[in-house]
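Descriptive structure summary
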Amino acid sequence: MSPQPLTRRRFAQLSGMAAGSALLPGAAWAAAPADVTLEIAPYTFEASPKHRFRTVAYNGQVPGPLLRMRQGQQQTIEVRNLTTEPEIVHWHGLFLPSEIDGAMEEGTPMIAPGESVRFSFKPDPPGFRWFHTHTFAGNNLTRAQYGGQHGFLLIEPRENAARYDREIFLGLHDWGGHFMGGDDGFMNPIYDVSTINGKMLGFGEPVRVKQGERVLMHLLNSSPTEVHWIALAGHSFHVIALDGNPVAQPQTVSMLRLAPAERVSAVVEMNAPGVWVLGEVRKHVQAAGMGIVIEYAGASGKPIWTQPEELIWNYRQFAAAGETKPSGDEVVRIELVFESKFQGHGNEELWCINGKSYPKTDEPVLKMGQRYRLVMKNLSADDHPLHLHRHTFEVRTVDGSAEMHGLNKDVLLVPAKTTAEVEFLAAHPGRTLFHCHQQDHMDRGFMMVFRYA
Ligand SMILES: [Cu+2]
C-alpha cells in the first residue's frame, strides 16, 4: 500500500480542520519534516548504579525531551509508538481539540503498536505545560504514569517579561511502586525510589549556579500518585506562576507543595554560596532519593540540608489581594461529590463522582460562552488532585476560605473532607475530561466527561 504524497494544499486543508489542528496517519506526511518527533519505546534508566528500572520513555530519556514552542506558532508533531501496546500522548494544560488532546475518553484515537501519527496545532495558552501518557495501568505499577512517559513543555509567550539569568526544569517522580494495605483496609501504592530528573540524590549532575544569579526553576510533579514537598536549603522560592499561569500575587516561600501534575515556576536568588540540597522535605522521601545538589561556582564540600520543622503551603496567598465578590446567577453551578466505595479487604476502592464510577458517570452538557462553577465536595478520606482537560479554571474557594480570584490553574488538590470551588468559561467545544490525577484513582473510576451542546 503506497500512501498518497501530501501536497502543500492538502496539508493546508488538514491544518485548517478542528481549529487549526489535524491528526492523520504518519505515512502521508513523509515529505515534510516534523518540528518535534517523539519515539515511545522501552528504555532502561539508572536512578543510581543500584537502582535500574525497565520502563517506557520518550526518545530514550527520563524525563522526556524538553519541548519549547512559541504561542500560536503552528507545530507539527510526529509520535511513533515502538512498543507492543496502544499508546496516547496527552498535552497537559493546552487548549486542543478533543481529537488530539490525548485522552481516549474524549475520542482521541490511540496509537497502535508500530504506528506513527502526525498532528499539528497552534500551542496555547503560554506557560509551563507538560506531556504524558494517558493510558490505564490498573494493578500493573510499571505502566501509564508509573513509567517514564512524561516531559516538560514550555510555551513561550509572545512577549517574555520574566527576568532571570538561568532557567532550569526539575521533574519529581516515584518508581518501583507496589500495593500496600493500610489500616483502613484499602490498598495504596508505595514506592522504593524517588527521583528528580530521573536521578536519586547524589547520582545526577549537580545544578551549577553562580553567586548573584536569578535562577528560574520550573518544577513538575509527574508522580503517578504522590504529593511532594520541596525546599532548597539556604534559599527561598519567589513563586511567580502555578501550573504555568502567572499568579496575581507572587510570594516568597520557604517550601513548595506539588500534587501530581501540578507545576510551580519560581525565581531563586543565588545569594548563599555553598553546596546545597534541593529536595523533599519529608525525610523518608528524600532518603528514597528525591533530591538534587545545587552547587555554586568555586564552592566544594558535602551538600548541606537543613530540615524544616513543618510542612507549609497555602494556595490562597497567591490569589489577588482584597475581597472578591461571590459569583451570582450568571454562573451555572455544577455540584460534584467525591466518595469511594469499599470493595472488600485487600482490594482497591472504587471511586465515584455523584455516586457513579466511570464509565457510568454523568456527562454534563456545557453551553459555549457560559461560565460554570464546579463545586467539588470531597467526602473521602484522601486528598485528590483534580484536573480539567482543555481549559484553565479560576480557583474561587478552598477548604471553606473566603471567595478569591486571580489564581488560574488546571490541577487543584482538594484535601480530604473539604470542598473547593473553581470556575471556568466554556470556550473550547468538544469532549472534555475531568478526573483525579492520581493514576490508581482514575483507573478506579474517578473520571467524568463534559460535553458541549
Ligand atoms: Cu484521587
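Everything here concerns the structure above.
Structural notes, computed from the coordinates.

Conventions we followed
- Residues numbered from 1 in each chain as written.
- Predicted model: local features only at pLDDT ≥ 70, side-chain atom pairs only at ≥ 80, totals over all residues.
- Heavy atoms only, no water.
- Helix = DSSP H or I, 4+ residues; strand = E, 2+ residues; numbered from the N terminus.
- Rg over C-alpha atoms; globule rule 2.2 N^0.38 Å.
- Buried < 20%, exposed > 50% of the residue type's maximum accessible area, 1.4 Å probe, protein only.
- Contact = heavy atoms within 4.5 Å.
- Areas by Shrake-Rupley, 256 points an atom, 1.4 Å probe, with all protein chains shown as cover.
- Lys, Arg positive; Asp, Glu negative; His and termini not counted.
- Charge placed at Lys NZ, Arg CZ, Asp CG, Glu CD.
- Donors = N, O, S within 2.8 Å, 3.2 Å for Na, K, Ca; no water.
- Core = buried A, V, L, I, M, F, W, Y, C linked by side-chain atoms within 4.5 Å.
- Pairing = 2+ DSSP bridges.
- Axes fitted to C-alpha atoms, helices over the stretch in contact; angles between N-to-C directions.
- Polar contact = N/O pair within 3.5 Å; in protein donor to acceptor, adjacent residues only side chain to side chain.
- Salt bridge = Lys/Arg side-chain N within 4 Å of Asp/Glu carboxyl O.

Let's talk about the overall build of the protein
Each helix and strand counted, the protein has 4 helices and 33 strands in total. The C-alpha atoms of the protein give 22 Å as radius of gyration, which agrees with the globular expectation for 453 residues (22 Å, within 12%). When burial is assessed residue by residue, the protein has 55% of its 453 residues classed as buried. When contacts within the protein are restricted to residue pairs at least 6 apart in sequence, long-range pairs at least 24 apart make up 75% of them. Element-wise, carbon and sulfur atoms account for 52% of the exposed surface of the protein, whose accessible area totals about 18,800 Å². Placing the 42 positive and 49 negative side-chain charges of the protein at their respective mean positions leaves the two points 5 Å apart.

Some thoughts on the environment of Phe-169
Inspection of the secondary structure assignment puts Phe-169 in strand S10 (residues 166-175). Considered as a pair, Phe-169 and His-218 are 49 residues apart in the sequence and their alpha carbons are 4.8 Å apart. Leaving out residues up to four positions away in the same chain, Phe-169 has contacts with Leu-66, Arg-68, Phe-128, Phe-152, Leu-154, Asn-197 and His-218.

Overview of the coordination of the copper ion
The copper ion binds to the protein through His-384 (ND1), Cys-436 (SG) and His-441 (ND1); the donor distances cover 2.0 to 2.1 Å. Binding-site remark: the copper ion is held by donors from one chain whose sequence spacing is H-x51-C-x4-H. The burial state of Cys-436 is the same as that of His-441; both residues are buried.

Concerning the environment of Thr-306
Structurally, the position occupied by Thr-306 is in the loop between strand S22 (291-296) and strand S23 (331-341). Taking the relative accessible area as the measure of exposure, Thr-306 reaches 44% and is therefore partly exposed. The contacts of Thr-306, once residues within four sequence positions are left out, are Ala-233 and Gly-234.

Focus on the nonpolar core
Formed by 70 residues in total, the largest nonpolar core has its most connected members in Met-217, Phe-237, Leu-278, Met-376, Leu-412 and Phe-434. At 4 residues, the largest contribution of residues to this core is made by strand S16 (residues 228-232). Counting residues in each nonpolar core, the second largest holds 20 residues, with Val-36, Tyr-58, Ile-111 and Phe-119 among its members.

So, the sheet that holds strand S28 (residues 393-398)
Think of a sheet as strands paired side by side through backbone hydrogen bonds, with each pair either parallel or antiparallel. Spatial strand order, S24-S23-S26-S31-S28-S29: 6 strands in an open sheet with mixed pairing. The open sheet is flanked by strand S24 (350-353) and strand S29 (408-409), the only strands paired with a single partner. In terms of strand pairing, strand S26 (residues 371-378) meets strand S31 (residues 419-425) through 7 bridges, oriented antiparallel. By the bridge assignment for S31, Lys-377 is matched with Thr-419.

Remarks on the sheet that holds strand S9 (residues 150-156)
The strand order across the open sheet formed by 4 strands is S4-S9-S8-S6, and the pairing between neighbours is mixed. Only two strands of the sheet have a single neighbouring strand rather than two, namely strand S4 (67-70) and strand S6 (89-92). The average undirected angle you get between the axes of adjacent strands in this sheet is 25°. Where S4 meets S9, 4 bridges bridge the pair, whose relative direction is parallel. The residue bridging Leu-67 from the neighbouring strand is Leu-153, located in S9.

A word on unusual backbone geometry
Between Val-62 and Pro-63 the backbone carries a cis peptide bond, its omega angle lying at -10°. Its location among the elements puts Pro-63 in the loop between strand S3 (51-58) and S4. In the segment running from Asp-124 into Pro-125, the intervening peptide bond is cis, with an omega of 0°. Summarising the element assignment, Pro-125 is placed in the loop between strand S7 (116-121) and strand S8 (127-133).

Looking at the side chain of His-132
Within the fold, His-132 resides in strand S8. A polar atom in the side chain of His-132 sits 3.5 Å from the side chain of His-437. Excluding anything up to four places from it in sequence, His-132 contacts Tyr-58, Ile-88, Val-89, His-90, His-92, Gln-145, Gln-149, His-150 and His-437.

Details of the pattern of salt bridges
One pass over the structure, following the stated rule, counts 28 salt bridges. Residue Glu-205 is joined to Arg-208 by a salt bridge in which the shortest nitrogen-to-oxygen separation is 3.1 Å. According to the relative accessible area criterion, Glu-205 is exposed, its value standing at 58%. One salt bridge connects Glu-335 with Arg-333, and the closest N-O pair in it is separated by 3.2 Å.

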